[in-house]
Amino acid sequence: MTRQELFTWIRQQYGTEPEYPWHDWNAVLRHNDNNKWYGVVLEVSADKLGLPEAGIIDVLNVKSDPLLIGSLRGQDGYFPAYHMNKEKWLSIQLGKPELDDAIKDLLSLSHELTAPKKRNPKSSAKNPGDSANGKEKEIDEG
């Protein structure tokens, strides 16, 4: 998946457009409602990722589950997150067709992990089942 194919997919999937906050080719993918990043597309020198080839490659940074990150980082095309928290983010090389489905799955997970939190309606009592913050006592009228 190229960066353009990725941008087309996120437009269809999430209705978001890439943003270019650094006024270069690096792009941020963010939620429309809470402005949190769910992905970052970066141009990175291959040698900075430990790759033997020279040149610039595109990577996608996604937020993920730390256990999943640990298992993926040993595989071809996955790297510790470039310029992000390496425990919670992962870099994936773009332009490798064999990773296309994984990119979509990991981007969906990242989108979910960075989505606004669902809030539970608060009850008026501090502890459900307690009345006015004091336990109701039975009175023995016997």
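An unreviewed UniProt entry annotates the protein as MmcQ/YjbR family DNA-binding protein of Hominifimenecus microfluidus.

A.B. asks: Help me understand the pairing of strand β2 (residues 37-45), please; the structure alone is not making it clear to me.
C.D. replies: Here is the key point about a regular strand: its side chains alternate between the two faces of the sheet. As paired elements, strand β1 (residues 27-30) and β2 share four bridges and run antiparallel to each other. Paired with arginine 30 across the two strands is tryptophan 37, which belongs to β2. Counted along the chain from β1 to the antiparallel partner β2, the turn is six residues long, and its residue asparagine 35 has a positive phi close to 65°. Across seven bridges, the pairing between β2 and strand β3 (residues 56-63) is antiparallel. Residue pairing in the sheet places valine 41 in a bridge with leucine 60 of β3.

A.B. asks: I'm lost on the packing of aromatic side chains in this one. Help?
C.D. replies: The geometry of two aromatic rings is summed up by the distance between their centres and the angle between their planes. For the coordinates displayed, the defined rule picks out three aromatic pairs. Here the aromatic rings of tryptophan 9 and tyrosine 14 are separated by 5.8 Å at their centres, their planes lie at 85°, and the arrangement is edge-to-face. Judged by its relative accessible area of 13%, tryptophan 9 falls in the buried class. Tyrosine 14 gets classed as buried once you look at its relative accessible area, which sits at 18%. Measuring from ring centre to ring centre gives 5.9 Å for tryptophan 22 and tryptophan 37, while their planes differ by 85°; the resulting arrangement is edge-to-face. Residue tryptophan 22 is located in the loop between α1 (3-14) and β1, and its partner tryptophan 37 is located in strand β2; the two are separated by 15 residues in the primary sequence. For tryptophan 37, a relative accessible area of 28% gives the class partly exposed.

A.B. asks: Whenever I open this one, the nonpolar core confuses me. Can you help?
C.D. replies: The tendency in soluble globular proteins is for nonpolar side chains to be buried side by side. Counting residues in each nonpolar core, the largest one holds 22 residues, and the members touching the most others are Leu6, Ile10, Leu60, Leu90, Ile92, Ile103 and Leu107. Elements that contribute at least two residues to this core include exactly α1, β1, β2, β3, α2 (66-72), β5 (89-93) and α3 (100-113). Sort the elements by how many residues they give to this core and α1 lands first, with five residues. Among the nonpolar cores identified, the runner-up in size contains 13 residues, and Ala46, Leu49, Val59 and Trp89 belong to it.

A.B. asks: What am I meant to see in the sheet that holds strand β4 (residues 78-80) here?
C.D. replies: Hydrogen bonds along the backbone pair up the strands of a sheet, which may run parallel or antiparallel. Taking strand neighbours across the sheet as the criterion, the five strands line up as β1-β2-β3-β5-β4 in an open arrangement whose pairing is antiparallel. The sheet is open, and its two edges are formed by β1 and β4, each paired on a single side. Taken over all neighbouring pairs, the strand axes of this sheet differ in orientation by 30° on average, direction set aside. In this sheet, β5 lies alongside β3 in antiparallel orientation, the contact comprising five bridges. Among the inter-strand pairings, asparagine 61 is bridged to a residue of β5, identified as serine 91. This element, α1, spans β1, β2 and β3 of the sheet and lies at about 175° to β2.

Rules used throughout
- Residues numbered from 1 in each chain as written.
- Predicted model: local features only at pLDDT ≥ 70, side-chain atom pairs only at ≥ 80, totals over all residues.
- Heavy atoms only, no water.
- Pairing = 2+ DSSP bridges.
- Helix = DSSP H or I, 4+ residues; strand = E, 2+ residues; numbered from the N terminus.
- Phe/Tyr/Trp six-rings, centres within 6.5 Å; stacked < 30°, edge-to-face > 60°.
- Buried < 20%, exposed > 50% of the residue type's maximum accessible area, 1.4 Å probe, protein only.
- Core = buried A, V, L, I, M, F, W, Y, C linked by side-chain atoms within 4.5 Å.
- Axes fitted to C-alpha atoms, helices over the stretch in contact; angles between N-to-C directions.
- Contact = heavy atoms within 4.5 Å.

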